[in-house]
Amino acid sequence: MKLEACNVVVRFGGVVAVDDVSVALAPGRIVSVVGPNGSGKSTLFNAITGLVPMAQGEVRIDGRSLLDLPMNKRVRRGISRTFQTPRFDPDMTVRETVLCGYFPLRRTGLLAVCLQTSAARREAAEMHDRCDALLESFGLAAYARTPMSDLPIGQIRLVDVARAAAAQPQYLLLDEPAAGLTTAEQTMLSNEVRRVAASGVGVLLVEHNFELVCQLAEHLIVLERGRMLLEGTPDVVSADPFFRRAYLGVTEELEGAAA
Ligand code: ADP
Ligand code: MG
């Protein structure tokens, strides 16, 4: 069982935003995509989720291609994501926003919901219970009735991750979820990401905080200008001299001074 993106190419006019990138994600694993701004990380997510068309390549779950499926059907196949810039209705409360994450899973149809059949009521009660549990574990219970427009960015990101997790995905794609979070919020986020992965979900994580990446991910792929520069365990990647210079800004003189 796995999600595979193979030899993905995405072009915007003359710009090759993603150039022959491959990544595989198994259930329960955390893989991170790192690289400077503009290196194609979000575009790779957009290609996997069907938000942008691919010029070449393949995206498969358990060997079955997703390429013919639009974004909403890919959610039903088990892929859920957050956005680098979270999208939400500012007038909705935190609880309503997270509840939206459950909609793709709904079994009862619109008519049943309108008629308030017992199946529809049961399903709604189930969703509300699960939503409350999720708000609790993300430390958001106190904000359940707060309008999204009143939240600081850190909490907006946590709500977005909770909304994505609500869809009970097999594969969760997180695009810079820790940007703007306080240290306490980052710890909460890390714990939740670990918990979600431990429950069998594959997590693909784009994150600039390299320390956080190394704590969470067991495999890293490094992008530069759309191409795969290198991949490996956090140890292998962080020991790579080119990566250290280009990405961490570590120079040999600094290393010499530190030694
Ligand atoms: P990252 O997430 O690593 O910062 P992006 O995937 O956002 O990088 O961008 C990769 C490249 O693709 C950049 O050169 C960016 O300007 C370009 N790009 C991204 N989205 C679009 C778009 N919708 N139209 C045109 N160019 C885009
Ligand atoms: Mg991005």
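Structure: see above.
Criteria and thresholds
Residues numbered from 1 in each chain as written. Chains lettered and ligands numbered in written order. Predicted model: local features only at pLDDT ≥ 70, side-chain atom pairs only at ≥ 80, totals over all residues. Heavy atoms only, no water. Donors = N, O, S within 2.8 Å, 3.2 Å for Na, K, Ca; no water. Helix = DSSP H or I, 4+ residues; strand = E, 2+ residues; numbered from the N terminus. Pairing = 2+ DSSP bridges. Axes fitted to C-alpha atoms, helices over the stretch in contact; angles between N-to-C directions. Contact = heavy atoms within 4.5 Å. Salt bridge = Lys/Arg side-chain N within 4 Å of Asp/Glu carboxyl O. Buried < 20%, exposed > 50% of the residue type's maximum accessible area, 1.4 Å probe, protein only. Near = heavy atom within 4 Å. Polar contact = N/O pair within 3.5 Å; in protein donor to acceptor, adjacent residues only side chain to side chain. Areas by Shrake-Rupley, 256 points an atom, 1.4 Å probe, with all protein chains shown as cover. Nonpolar A, V, L, I, M, F, W, Y, C, P; charged D, E, K, R; others polar. Phe/Tyr/Trp six-rings, centres within 6.5 Å; stacked < 30°, edge-to-face > 60°. Lys NZ or Arg CZ within 6 Å of the ring centre and 35° of its normal.

> Outline the coordination of the magnesium ion (ligand 2), listing residues and values.
For the magnesium ion (ligand 2), the protein coordination sphere consists of Ser42 (OG) and Gln84 (OE1), at 2.1 Å. Pair noted here: Ser42 is in helix H1 (residues 41-49) and Gln84 is in the loop between strand E6 (79-81) and helix H3 (94-100), with a separation of 42 residues, a long-range link.

> Describe the sheet that holds strand E7 (residues 171-175), and please don't skip the residues or the numbers.
In spatial order, the strands read E6-E7-E8-E3-E9-E10; together these six strands make up an open sheet with mixed pairing. In this open sheet, the two strands that pair with only one neighbour each are E6 and strand E10 (227-232). The average angle at which neighbouring strand axes cross in this sheet is 20 degrees, direction not considered. Across five bridges, the pairing between E7 and strand E8 (residues 202-206) is parallel. Bridge pairing in E8 links Leu174 to Leu205. Across the sheet, helix H6 (residues 153-166) lies against E6 and E7, angled at about 160 degrees from E7, the strand it touches most. Here helix H7 (residues 183-198) sits on the sheet and contacts strand E3 (30-34), E7 and E8; the angle it forms with E8, its principal contact strand, is near 150 degrees.

> Can you explain the pattern of salt bridges? Please cite residues and give values.
Applying the stated criterion to the full structure yields seven salt bridges. A salt bridge links Asp160 to Arg163; the shortest N-O distance between them is 2.8 Å. With Asp160 and Arg163 both in helix H6 and three residues apart, the pair spans about one turn of that helix. Classification of Asp160 as buried rests on a relative accessible area of 5%. One salt bridge in this structure joins Glu192 and Arg195, with 2.7 Å as the shortest N-O distance. Taken as a pair, Glu192 and Arg195 lie in helix H7 at a separation of three residues, close to a single helical turn.

> Requested: an account of the site of ligand 1, with residues and values cited.
The full set of residues close to ligand 1 is Phe12, Ala17, Pro36, Asn37, Gly38, Ser39, Gly40, Lys41, Ser42 and Thr43. A distance of 2.7 Å separates an oxygen atom of ligand 1 from a polar atom in the backbone of Gly38. Between ligand 1 and Ser42 there is a distance of 2.9 Å, counted from an oxygen atom to a backbone nitrogen or oxygen. In isolation ligand 1 has 560 Å² of accessible area, and contact with the protein removes 58% of it. At three residues, H1 tops the list of elements feeding residues into the shell around ligand 1. Among the residues forming the shell around ligand 1, the class breakdown is three nonpolar, six polar and one charged.

> So what's going on with the packing of aromatic side chains? Residues and values would help.
In the structure shown here, the tally under the stated rule is one aromatic pair. With a centroid separation of 5.2 Å and an interplanar angle of 45 degrees, the aromatic rings of Phe210 and Phe243 are classed as tilted. Within this pair, whereas Phe210 is found in helix H8 (residues 210-216), its partner Phe243 is found in helix H10 (residues 241-246), the two being separated by 33 residues in sequence. Assigned by exposure class, Phe210 and Phe243 land together as buried. Positioned above the aromatic ring of Phe83 is the side chain of Arg87, whose terminal nitrogen or guanidinium carbon lies 4.1 Å from the ring centre.

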